[in-house]
Amino acid sequence: MNKEKKLEEILKSYKRVIIAFSGGLDSSFLLFFARKILGKENVKAITIYSPYKISEKMLKETKNIANFIGVEQTIFNTELSEEIKNNPIDRCYHCKKEIFARIKEIADKEGFILCDGTNYDDLSDYRPGLKALKELDVKSPLLEANFTKKDIKDYSKKYKLPFWNKMPDSCFLTRIPSNTEIKLSTIKMIKRSEEYLKEIGFNLVRVRVHDNIARIEIGEKEMKKVLKIKTLKKIDIKLKEIGFKYVTLDCRGYNG
């Protein structure tokens, strides 16, 4: 049995699903495929928004994708809880536990199965949030069907989905070292810096923060473009205007 058929059978067995929808490629493809297999009335999307975790632009993208797919989307706002305000190493566990418990309550009340976009490749990373999903019995259809990130991209392209080549996004809290106090002012500096780098033509970027230092990661295919004195000086000036004292470039490039 191929993976697509397996995913179809899994979703049919769930009958009605709520997708925890971040707007990334994984949850976007899952939302599309669930809508295709189960129909509009049996699929809903729930998005959790926090200014500490995603940008307003990213939130708008979730709305556009949900509208394109044709599903009902609910957006909830959330703030930092006491468990994560100092960015513990297992921050993702506490975050997921809090967020998914909230969505699970809604799903159970309405008679839906709660699903997320975890895929097979996610098992190879350190992801403490997976423990929270298991504890709450959140289903991961893509993982169950052994979908890799490449599979998700390939099937998204096959179905001509406009987001098939979407660059990976992640929570802004991943830009801050563990056991460091999370400040909204720091998050705003990260957002502005990454938005600027994208404005000047870089697609895959991360700005990691170490005290007053910005450490920039650029996608491997774009490293040659950034290694120009004029470009580096321009970036240095802008990020210092934003508030960083020192600006550095990670020699490894983007590291997930």
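A few points on the structure.

So, on to the overall build of the chain. When helices and strands are counted, the chain shows 10 helices and seven strands. The C-alpha radius of gyration computed for the chain amounts to 19 Å, which stays within 12% of the reference 18 Å derived for 256 residues, consistent with globular compactness. In terms of overall dimensions, the chain has C-alpha extents of about 55 × 40 × 30 Å along its principal axes. Put simply, the chain has 256 residues, and 48% of those count as buried. Taking the intrachain contacts of the chain between residues at least 6 apart in sequence as the baseline, contacts between residues at least 24 apart amount to 73%. Split by element, the accessible area of the chain, about 13,600 Å² in all, is 51% carbon and sulfur. Taking the average location of the 52 positive side-chain charges in the chain and that of its 37 negative ones, the two points are 4 Å from each other.

This brings us to the sheet that holds strand S4 (residues 113-115). As summarised here, the arrangement of the four strands in space is S3-S2-S1-S4, forming an open sheet in which the pairing is parallel. Bordering the open sheet on either side are strand S3 (72-77) and S4, each of which pairs with just one other strand. Each strand of the sheet is rotated relative to its neighbour by a mean of 25 degrees, with strand direction disregarded. With six bridges connecting them, strand S2 (residues 43-49) and S3 associate as parallel partners. The residue bridging Ile46 from the neighbouring strand is Thr74, located in S3. Each of S2 and S3 touches helix H3 (residues 56-69); the most contacted strand, S3, lies at about 160 degrees to it.

The next subject is helix H4 (residues 91-110). Residues three or four positions apart in an α-helix share a direction because the helix packs 3.6 residues into each turn. Taking 1.5 Å of rise per residue, 20 residues should cover 28 Å, and H4 covers 29 Å from first to last C-alpha, within 8% of that figure. Looking only at H4, the buried set comprises Arg91, Tyr93, Cys95, Ile99, Phe100, Ile103, Lys104 and Ala107. Against the buried residues of H4 lie strand S1 (17-20), S2, S4 and helix H5 (129-135). Looking one or two residues beyond H4, the residue adopting positive phi is Gly111, at roughly 80 degrees.

Below, the discussion takes up the layout of surface pockets. Size it by volume and the second largest pocket reaches roughly 370 Å³. As for the second largest pocket, its lining consists of 19 residues, and the residues nearest its centre are Lys57, Glu61, Asp169, Lys198 and Asn203. Elements with a contribution of two residues or more to the lining of the second largest pocket: H3, helix H8 (184-199) and strand S5 (205-210). If one sorts the elements of the lining of the second largest pocket by residue count, H8 sits on top with four residues. Considering only residue class, the lining of the second largest pocket consists of seven nonpolar, two polar and 10 charged.

Scanning the entire structure with this criterion turns up eight aromatic pairs. An angle of 90 degrees between the planes, with centres 6.5 Å apart, marks the rings of Phe68 and Phe163 as edge-to-face. Taken together, the residues span a long stretch of sequence, with Phe68 in helix H3 and Phe163 in the loop between helix H7 (149-158) and H8 at a distance of 95 residues. According to the relative accessible area criterion, Phe68 is partly exposed, its value standing at 48%.

This next bit is on helix H1 (residues 3-14). Taking 1.5 Å of rise per residue, 12 residues should cover 16 Å, and H1 covers 17 Å from first to last C-alpha, within 8% of that figure. Every buried residue of H1 is listed here: Glu4, Leu7, Glu8, Ile10, Leu11 and Tyr14. Viewed along the axis of H1, the buried residues span an arc of 165 degrees, placing them on a single side of the element. The inward-facing, buried residues of H1 contact S1, helix H2 (25-38), S4, helix H6 (141-144) and H7. Its side-chain oxygen 3.2 Å from the backbone nitrogen of Glu4, Asn2 forms the N-cap of H1.

The mixed open sheet is built from three strands, whose spatial order is S5-S6-S7. Where the open sheet ends on each side, the last strands, each with one partner, are S5 and strand S7 (246-249). With strand direction ignored, the average angle separating the axes of adjacent strands in the sheet is 25 degrees. One ladder, built from four bridges, connects strand S6 (residues 213-218) with S7; its direction is parallel. Across the sheet, the residue bridging to Ala214 is Val247, located in S7. In this fold helix H10 (residues 229-242) packs onto S6 and S7, with an angle of close to 140 degrees to the strand it touches most, S7.

Judged by nonpolar contacts, the single largest core of 30 residues is most densely connected at Leu7, Val17, Phe29, Leu31, Val43 and Phe147. Sorting the residues of this core by element identifies H1, S1, H2, S2, H3 and H7 as the ones contributing at least two each. At nine residues, the largest contribution of residues to this core is made by H2. Discounting chain neighbours no more than four positions away, the residues touching Leu7 are Phe29, Leu30, Phe33, Pro141, Leu142, Ala145 and Phe147. The next biggest cluster of nonpolar side chains, apart from the first, holds 29 residues, and it includes Tyr49, Leu59, Phe172 and Leu173.

Rules and cut-offs
- Residues numbered from 1 in each chain as written.
- Predicted model: local features only at pLDDT ≥ 70, side-chain atom pairs only at ≥ 80, totals over all residues.
- Heavy atoms only, no water.
- Helix = DSSP H or I, 4+ residues; strand = E, 2+ residues; numbered from the N terminus.
- Rg over C-alpha atoms; globule rule 2.2 N^0.38 Å.
- Buried < 20%, exposed > 50% of the residue type's maximum accessible area, 1.4 Å probe, protein only.
- Contact = heavy atoms within 4.5 Å.
- Areas by Shrake-Rupley, 256 points an atom, 1.4 Å probe, with all protein chains shown as cover.
- Lys, Arg positive; Asp, Glu negative; His and termini not counted.
- Charge placed at Lys NZ, Arg CZ, Asp CG, Glu CD.
- Pairing = 2+ DSSP bridges.
- Axes fitted to C-alpha atoms, helices over the stretch in contact; angles between N-to-C directions.
- Expected span 1.5 Å × (residues − 1).
- 1 Å grid on protein atoms, 1.4 Å probe; cavity = no way out; pocket = protein on both sides within 12 Å on 5 of 7 lines; lining within 4 Å.
- Points joined across faces, edges and corners; volume = space filled by probe spheres on them.
- Nonpolar A, V, L, I, M, F, W, Y, C, P; charged D, E, K, R; others polar.
- Phe/Tyr/Trp six-rings, centres within 6.5 Å; stacked < 30°, edge-to-face > 60°.
- Arc of directions from axis to C-beta.
- Polar contact = N/O pair within 3.5 Å; in protein donor to acceptor, adjacent residues only side chain to side chain.
- Core = buried A, V, L, I, M, F, W, Y, C linked by side-chain atoms within 4.5 Å.

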